[in-house]
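Results of the structural survey
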Amino acid sequence: MVVSAPTQTGKGGGTMGDRVWIKDPIAVLADGAERGVVVEDGKIAELVGKGAEPVNAVHKVFDAARHVVTPGLINTHHHMFQTLTRAHPAAINKELFPWLQALFPIWAKNVNPENFRLATRLALTELMMSGCTTASDHQYLYPPGLDEAMDIQAEEAGKLGIRMTLTRGSLNLTEEEGGNANSGAVQDTDTILADCERVIGRYHDASEGAMLQVALAPCAPFNVTKRLMVETAALAERCNCHMHTHLAETRDEIDYCMAHFGYRPVDYLEEVGWMNDRVWLAHGIHFNDDEVVRLGKAGVGVSHCPTSNMVLASGQCRTKELEAAGSPVGLGVDGSASNDNSNLIEAVRHALMIGRLTYNAESVTHLDAFRWGTSGSAACLGRKDIGTIAVGKQADLSFYSLDELRFSGAGDPLAALVLCGAYKADRVMVKGNWKIEDGAPVGVDLAELRYEHGRVAKAFLETV
Ligand SMILES: [Zn+2]
């Protein structure tokens, strides 16, 4: 082994032009990388197997002896503005429909560019501190003045250095028109489609290693018009981007759909041209056997949101059957008012727990839960360059220490992260650059962020 520079990382220091050996971790979630990985130019250049050393000279060594290393976690469903209404007195202890009815007027009245920016910053920071390296945010709320929501999110993701799929949501049916949105939160169809096209043109980067991509995301098929669903699918195909929506989250939704339309949500999805592998669905809980097969055959992905599903008593996702049928299954923290946090490694633990309740202890392992939070999530977002630790993949890595009391006595290090309950990463690397060091995001004043976000969130409590 040749090391031509001292061992160091530096504040936020990257690896461009350098070959850095992440050496001898406690464990790594990859085959044949017992002695770590070599990172070069933002990618994984080499896996170093048991008893081996890097084949080519390295310039730096990062001693990972305190760390368990996983692929960076990938979040496939969120609503970041909801950090402003966590544990809101008007909405706690309710299921989805009454929860939405309580919160929609509060959101529509209060969300503005300033608090939306702080909500995005806070949620992205929380996600990254939990080990997340790629985020997405289903941003469907567009009250007057928030036309530049996607631009704000692109800026915030860029500043923090996290990858993001900007998920341009939409709502165009109010309660009076048969939807469930407050009239202050909707836009007309032409405005929505024009902004989708603008956002794609400005931010959608389909190339390998992209830091920003765009997906199109009507809130749910039943709070937007059929025309918007159909035209969104056509636009996504034309611009080569993915599509996202909520589907089959609650029994109430199935009942509503049967009562108003006479068919089930998956049938409607098929009718509007959404049964294809550009699509990933949030929740995807209440599917029958036939629907699971049809979704799998079409390659439709499902974002499993275990924490939200338990908090809102929505039900249990059929993760194993969906995967067996051919659907990618990813993980999402879901909105911060139904979680009520943005902690993705916690969602990995919750996925294991609810999965065991749904199936049994042997059928759902910690490796299943990690797969959903990494490669499964990457597949939902349509990305082949992230989600696994392998040569040629992006160097997006999360490092967890086992130093806390909760891990003492643990045998299997990877299982310990899930079973003992890891909740924060000690270090996070995105595209070969350190973004979390010693448990803290590089360049972010956490106390100031907490203060500013808390300050703007107060208005949401005054409108009940
Ligand atoms: Zn959601």
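In this text the structure is predicted, and so the values were computed from the model without any measurement.

This next bit is on the coordination of the zinc ion. In the first shell of the zinc ion, the protein supplies H77 (NE2), H79 (NE2), H246 (NE2) and D334 (OD), at 2.1 to 2.6 Å from the metal. Given 4 donor atoms and angles of 81 to 169° at the metal, the environment of the zinc ion is assigned as irregular. Between the donor residues of the zinc ion, the gaps in sequence give the motif H-x1-H-x166-H-x87-D. Of this pair, H77 sits in the loop between β7 (73-74) and α1 (96-110) while H246 is found in strand β11 (residues 242-247), placing the two residues 169 residues apart along the sequence. The residues H77 and H246 share a single accessibility class, namely buried.

Further remarks concern the sheet that holds strand β13 (residues 301-304). What links the strands of a sheet is backbone hydrogen bonding, and the strands pair in either a parallel or an antiparallel sense. One open sheet holds the 8 strands; their spatial order is β7-β8-β9-β10-β11-β12-β13-β14, and the pairing between them is parallel. With one partner strand each, in any of the chains shown, β7 and β14 (329-331) form the two edges of the open sheet.

Helix α4 (residues 189-203) packs onto helix α3 (residues 149-160) with a crossing angle of 25° between their chain directions and a minimal axis gap of 10 Å. In terms of axis orientation, α3 runs roughly parallel to α4. Handedness of the crossing formed by α3 with α4: right-handed. Counted together, M150, D151 and A154 of α3 and R198, V199, R202 and Y203 of α4 form the full contact between these two elements. Looking at the contact of α3 with α4 residue by residue, the classes come out as 4 nonpolar, no polar and 3 charged.

Take the side chain of Q394 next. With respect to the helices and strands, the residue Q394 is situated in the loop between α12 (366-380) and β15 (397-401). Take Q394: its relative accessible area is 4%, and that puts it in the buried class. In contact with Q394, not counting residues within four places along its chain, are G42, K43, I44, R163, E208, G209, D385, I386 and K431.

Cut-offs used in this document
Residues numbered from 1 in each chain as written. Predicted model: local features only at pLDDT ≥ 70, side-chain atom pairs only at ≥ 80, totals over all residues. Heavy atoms only, no water. Donors = N, O, S within 2.8 Å, 3.2 Å for Na, K, Ca; no water. Tetrahedral: all angles 85-135°; square planar, octahedral: opposite > 155°, others 65-115°. Helix = DSSP H or I, 4+ residues; strand = E, 2+ residues; numbered from the N terminus. Buried < 20%, exposed > 50% of the residue type's maximum accessible area, 1.4 Å probe, protein only. Pairing = 2+ DSSP bridges. Axes fitted to C-alpha atoms, helices over the stretch in contact; angles between N-to-C directions. Parallel < 35°, antiparallel > 145°, perpendicular 65-115°, else oblique. Left-handed = near helix turned anticlockwise from the far one by under 90°. Contact = heavy atoms within 4.5 Å. Nonpolar A, V, L, I, M, F, W, Y, C, P; charged D, E, K, R; others polar.

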